[in-house]
Amino acid sequence: MAKVMRVTGAWTGLLSDWLDQEGLDRDGLENAPVRIALARWASEDNVPVPVWRDLLAQGLALAPQHTAPELKVGACVRPAHVGVLGYLVLASDTLGEAMLAYQRYETLFYGASLAEVEVVGDQAEMRWPPSENELGQQADGAAIAALVTFMRRQIDQPPPPSLVSFLGDVSAEAAREYERFFGCPVTWNDSHVRIRFPLHYLSLPMPRRDPTLCELLDRQARALLRALPEASQSGSGIDRQLQQVLLKLLSDGEPTLVRAAHAMHMSPRTLQRRLARHQLSWQQWLDRNREQLARQYLDDTSLTLTDIALLLGFSEQSVFTRAYRRWTGNSPGRERRQWLSD
């Protein structure tokens, strides 16, 4: 993949979970160096690409009997491994929206925006060009397997991609395993890493079947409910609609009154009147919801402060920190440390 600067530390947890699933290094003796190396990296760390390549290679070498074990590593993906993406999926109604959310925030995974999305005839393609600092075939295979697996878990009867391709090459036996895993033709020695879907797949609804994501959604809903005045804690239909709209606006980084009113098919003046029933202006309502969501996100250690800033629609972490200090009188980093030490 192009311009890769580093990978998220959450991927080390993905590899550890696969080792647990396979019962490898369980006694912590013979293959302890792999576990020791993984333990040096926390989910909020940025792992240099060469380090990740070596860690993955060492881990996969522990299962020589497996064909293309990197695919099985990717298949272990859970919301905890993708952090911010799990929350962004909650704000996506369709597979197409979820793919765009991934594209917008991919820099949180690799330190740069990599993915290109293009419509090619009746196909939608997401692709990653090559660069000098490539992940390598094993890491690319694990990453694309994780992406496809994560999306599959959110859709009822998920259809397979039309095509998957990679920059490198594998043995004939491994190539067959790749085709079985993705359920489609896989090409090798291509100019890009790519996934292609029929265009109509992008309108598939995202019912959020993953139980962990459903729990995240419930937690978000409870946090947003706490932002309402006491007299309105039950939440009207309009309140709930506005809260769901807010999650979309925050993920886009544009939580304005005009955009919220447009999404709810009403005029800005009408929306202002509805907020006035709670004795709130738009900015007051936005701040209250951001504060409640921030408290929830700070409790999730898979999210960095930068992740949280973007989830709340702030342009950068420093802006979020100033806002949080204005809301609470404390910095988000200090508050998280206090909670963790309790």
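Report follows, based on the coordinates. Since this is a predicted model, take the numbers as computed values, not measurements.

1. Side note on the overall build of the chain
When you go through the chain residue by residue, the secondary structure sums to 18 helices and 7 strands. Against the compact-globule benchmark of 20 Å for 342 residues, the chain has a radius of gyration of 21 Å, which places it among compact chains. Taken along the three principal axes of its C-alpha coordinates, the chain extends 65 × 50 × 35 Å. Residues classed as buried in the chain amount to 54% of the 342 residues present. Within the chain, counting contacts between residues at least 6 apart in sequence, those at least 24 apart form 71% of the total.

2. Side note on the environment of Pro198
As for its position among the elements, Pro198 is in strand E7 (residues 193-198). Under the relative-accessibility criterion, Pro198 is labelled buried at 14%. Sequence separation between Pro198 and Glu125 is 73 residues, and the spatial gap between their C-alpha atoms is 8.7 Å. For Pro198, the residues in contact, after removing those within four places along its chain, are Asp122, Gln123, Ala124 and Ser162.

3. Section: the pattern of salt bridges
Taken as a whole and assessed by the stated rule, the structure comprises 14 salt bridges. For Glu116, the salt bridge identified is with Arg127, shortest N-O distance 2.9 Å. Highlighted residues: Glu116 in strand E3 (residues 116-120) and Arg127 in strand E4 (residues 123-128), separated in sequence by 11 residues. When its relative accessible area of 15% is taken as the criterion, Arg127 is described as buried. Of the charged contacts, one joins Glu177 and Arg180 as a salt bridge, the two residues approaching to 2.6 Å between their closest N and O atoms.

4. What to know about the sheet that holds E4
Taken in spatial order, the 5 strands of this open sheet run E3-E4-E7-E5-E6, and their pairing is mixed. Each of the sheet's edge strands pairs with one partner strand only, and the pair in question is E3 and strand E6 (186-187). In the sheet, strand E5 (residues 163-165) pairs with E7 via 3 bridges, with the strands oriented antiparallel. Residue Ser165 lies in a different strand from E7, and its bridge partner there is Arg194.

5. Describing the nonpolar core
Counting residues in each nonpolar core, the largest one holds 110 residues, and the members touching the most others are Trp52, Trp128, Phe182 and Leu271. The dominant element in this core, judged by the number of residues it contributes, is helix H9 (residues 137-152), at 10 residues. Contact partners of Leu271, with chain neighbours within four places excluded, come to Leu242, Leu257, Ala260, Ala261, Met264, Met266 and Trp282.

6. Overview of the pairing of E3
With 5 bridges joining them, E3 and E4 adopt antiparallel strand pairing. Residue pairing for E4: Val119 is matched across the bridge by Ala124. Where E3 hands over to E4, the hairpin turn is made up of 2 residues, of which Gly121 adopts a positive phi near 65°.

7. Here we look at the side chain of Glu177
Position of Glu177 relative to the elements: it lies in helix H10 (residues 172-182). The buried category is assigned to Glu177, whose relative accessible area is 18%. There is a polar contact of 2.6 Å between the side chain of Glu177 and the side chain of Arg180.

8. Brief notes about the packing of aromatic side chains
The final tally for this structure, using the stated rule, is 12 aromatic pairs. Arranged with centres 6.2 Å apart and planes meeting at 45°, the rings of Phe314 and Trp327 form a pair that is tilted. Placement of the pair is Phe314 in the loop between helix H16 (305-311) and helix H17 (317-328) and Trp327 in helix H17, with a sequence separation of 13 residues. You'll find Phe314 and Trp327 in the same group, each marked buried. Geometrically, the ring pair formed by Tyr324 and Trp327 is edge-to-face, given 6.2 Å between the ring centres and 70° between the ring planes. Note that Tyr324 and Trp327 are positioned in helix H17 at a spacing of 3 residues, about one turn of the helix. The class of Trp327 is buried, set by a relative accessible area of 16%.

9. Regarding the packing of H9 against H10
Their axes nearest at 11 Å, the elements H9 and H10 cross at an angle of 20°. Relative to H10, the element H9 lies roughly parallel. The handedness of the crossing between H9 and H10 comes out as left-handed. For the pair H9 and H10, contact is made by Gln137, Gly141, Ile144, Ala145, Val148, Thr149 and Arg152 and by Tyr178, Phe181 and Phe182, respectively. When its residues are assigned to classes, the contact of H9 with H10 shows 6 nonpolar, 3 polar and 1 charged.

10. Topic: the pairing of E7
Within E7, 5 of the 6 residues are buried, which leaves the element mostly enclosed by the surrounding structure. Here E4 pairs with E7 via 6 bridges, running antiparallel. Counterpart to Ala124 in the pairing with E7 is Phe197.

About the thresholds
- Residues numbered from 1 in each chain as written.
- Predicted model: local features only at pLDDT ≥ 70, side-chain atom pairs only at ≥ 80, totals over all residues.
- Heavy atoms only, no water.
- Helix = DSSP H or I, 4+ residues; strand = E, 2+ residues; numbered from the N terminus.
- Rg over C-alpha atoms; globule rule 2.2 N^0.38 Å.
- Buried < 20%, exposed > 50% of the residue type's maximum accessible area, 1.4 Å probe, protein only.
- Contact = heavy atoms within 4.5 Å.
- Salt bridge = Lys/Arg side-chain N within 4 Å of Asp/Glu carboxyl O.
- Pairing = 2+ DSSP bridges.
- Core = buried A, V, L, I, M, F, W, Y, C linked by side-chain atoms within 4.5 Å.
- Polar contact = N/O pair within 3.5 Å; in protein donor to acceptor, adjacent residues only side chain to side chain.
- Phe/Tyr/Trp six-rings, centres within 6.5 Å; stacked < 30°, edge-to-face > 60°.
- Axes fitted to C-alpha atoms, helices over the stretch in contact; angles between N-to-C directions.
- Parallel < 35°, antiparallel > 145°, perpendicular 65-115°, else oblique.
- Left-handed = near helix turned anticlockwise from the far one by under 90°.
- Nonpolar A, V, L, I, M, F, W, Y, C, P; charged D, E, K, R; others polar.

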